[in-house]
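Structural overview
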Amino acid sequence: MAQRNHDLTAGTGTEAAGDVLGAYLRSQATAFLRGLRLHEESGADAAEGSEAARALRGAARRIGGSLATFRPVTESSWADGLRTELVWLSATLADEHAYGARLTRLLDALHRLSGAPEVPAQRGAAGSGSLTVGAARAAALLERQLTLARTRAHSATLQALGSSRFHAVADAVAVLASEVPLNEVAARGRVADVLVPLAELAGSRLDAAVAALPLTRAAHPYNADALIDDAHQDAPWHEVRRLLRARRYAREALGEDVTRLAAACEALDRHRDAAEAAAASATAARTPRIAPATAYALGVLHADQRHEVEASRFAFHHLWLRPPVPTP
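Residues numbered from 1 in each chain as written. Predicted model: local features only at pLDDT ≥ 70, side-chain atom pairs only at ≥ 80, totals over all residues. Heavy atoms only, no water.

One water molecule sets the probe size; rolling that probe over the atoms shows where empty space is left. Approximately 1,500 Å³ is the volume attributed to the largest pocket. Contributing to the lining of the largest pocket are 48 residues, with Arg 61, Ser 90, Arg 241, Arg 245 and Tyr 249 lying nearest its centre. At the level of elements, helix H1 (17-42), helix H2 (46-69), helix H3 (76-113), helix H7 (195-211), helix H9 (231-253) and helix H10 (259-285) are the ones that each hand at least two residues to the lining of the largest pocket. In terms of residue class, the lining of the largest pocket is built from 22 nonpolar, eight polar and 18 charged. Looking at the second largest pocket, its volume works out to about 390 Å³. Looking at the second largest pocket, it is lined by 19 residues, and the ones nearest its centre are Ala 46, Gly 49, Ser 50, Glu 96 and His 154. At the level of secondary structure, the elements contributing two or more residues to the lining of the second largest pocket comprise H1, H2, H3 and helix H4 (133-161). When its residues are assigned to classes, the lining of the second largest pocket shows six nonpolar, nine polar and four charged. (1 Å grid on protein atoms, 1.4 Å probe; cavity = no way out; pocket = protein on both sides within 12 Å on 5 of 7 lines; lining within 4 Å. Points joined across faces, edges and corners; volume = space filled by probe spheres on them. Helix = DSSP H or I, 4+ residues; strand = E, 2+ residues; numbered from the N terminus. Nonpolar A, V, L, I, M, F, W, Y, C, P; charged D, E, K, R; others polar.)

Okay, here's the thing in structure tokens:
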């Protein structure tokens, strides 16, 4: 954030870089293996399986992000290979959850926009009576499309988790939980001399990406910039989200407070979710031979989600520029 110079308050910086990075990577590897065990034990329990997949994704992202930021401190060829596989695994695991969350988000929005008093516990025809005809048909269309996508993603996840590629990744992470391959020279350096400059480099990339955003416009509510569904317009915000997450993980590895970075990440997570939900409603509206009332409901839904994109940019602006709390 803008207060980056105030961030480096944890520890003395005199510890060995390899000790600090190694401890963080081992803890995340342990979290990964715990998530894998929970996933294997969850069986047909969808809620437990979803929570286990979330734990796997989180640990995979943190390990991969740390290997990228602190690459010079590790054995680079090993780090590059493992990071590539963790990116693949995280993306594969994320798809099923993303489609399910997108469907829930869009159905909730349709209920809200149509004036329904509450969202039914069970999705589908049981709740259609409280919707207008157009919204009900839009909900049914979205449910068919996104449920199909989620089913395909679920199959892909099961195939991935049963593959030799995944087992190789799991074996590599199991080794990481006990031994971290490090560059012997860099690992002996002090945290302040080795890890902190690398973390600051990640922060500089983030600062440059944020500086390219139209934050001045985003500071004004209802500025209408985000109402245009344009992947090129959304892409810089998605890139900031990626770099912000890398900065957050780097600070975690250094034992620093990440509360404010986490809040900014959440704002950009909402931005991504709303943008993808808007795209899904636009895709549904292009379905051949749908009724005009259905297309109208999907258009209203699309505009609603683009307003959510705008609101998320507004929230990020205030989180990013809010002055830091002085350290006692």
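The rest of the description comes next.
Turning our eyes to something else, we now look at the packing of aromatic side chains. Scanning the model with the defined rule gives two aromatic pairs in all. Measuring from ring centre to ring centre gives 6.1 Å for Trp 237 and Phe 316, while their planes differ by 80°; the resulting arrangement is edge-to-face. With Trp 237 in helix H9 and Phe 316 in helix H11 (residues 292-321), the pair connects residues that are 79 residues apart, well separated along the chain. Trp 237 gets classed as buried once you look at its relative accessible area, which sits at 1%. The exposure class of Phe 316 is buried, given its relative accessible area of 0%. Through a chain of ring-to-ring contacts, three or more aromatic side chains come together here, namely Trp 237, Phe 316 and Trp 320. (Phe/Tyr/Trp six-rings, centres within 6.5 Å; stacked < 30°, edge-to-face > 60°. Buried < 20%, exposed > 50% of the residue type's maximum accessible area, 1.4 Å probe, protein only.)

In this section: the pattern of salt bridges. The final tally for this structure, using the stated rule, is 16 salt bridges. Note that Arg 248 and Glu 252 form a salt bridge whose closest N and O atoms lie 3.8 Å from each other. Taken together, the residues Arg 248 and Glu 252, both in helix H9 and four residues apart, mark about one turn of the helix. Here Arg 248 matches Glu 252 in class, with each residue buried. Close ionic contact of Asp 273 with Arg 272 constitutes a salt bridge, the shortest N to O distance being 2.7 Å. The class for Asp 273 is partly exposed, based on a relative accessible area of 29%. (Salt bridge = Lys/Arg side-chain N within 4 Å of Asp/Glu carboxyl O.)

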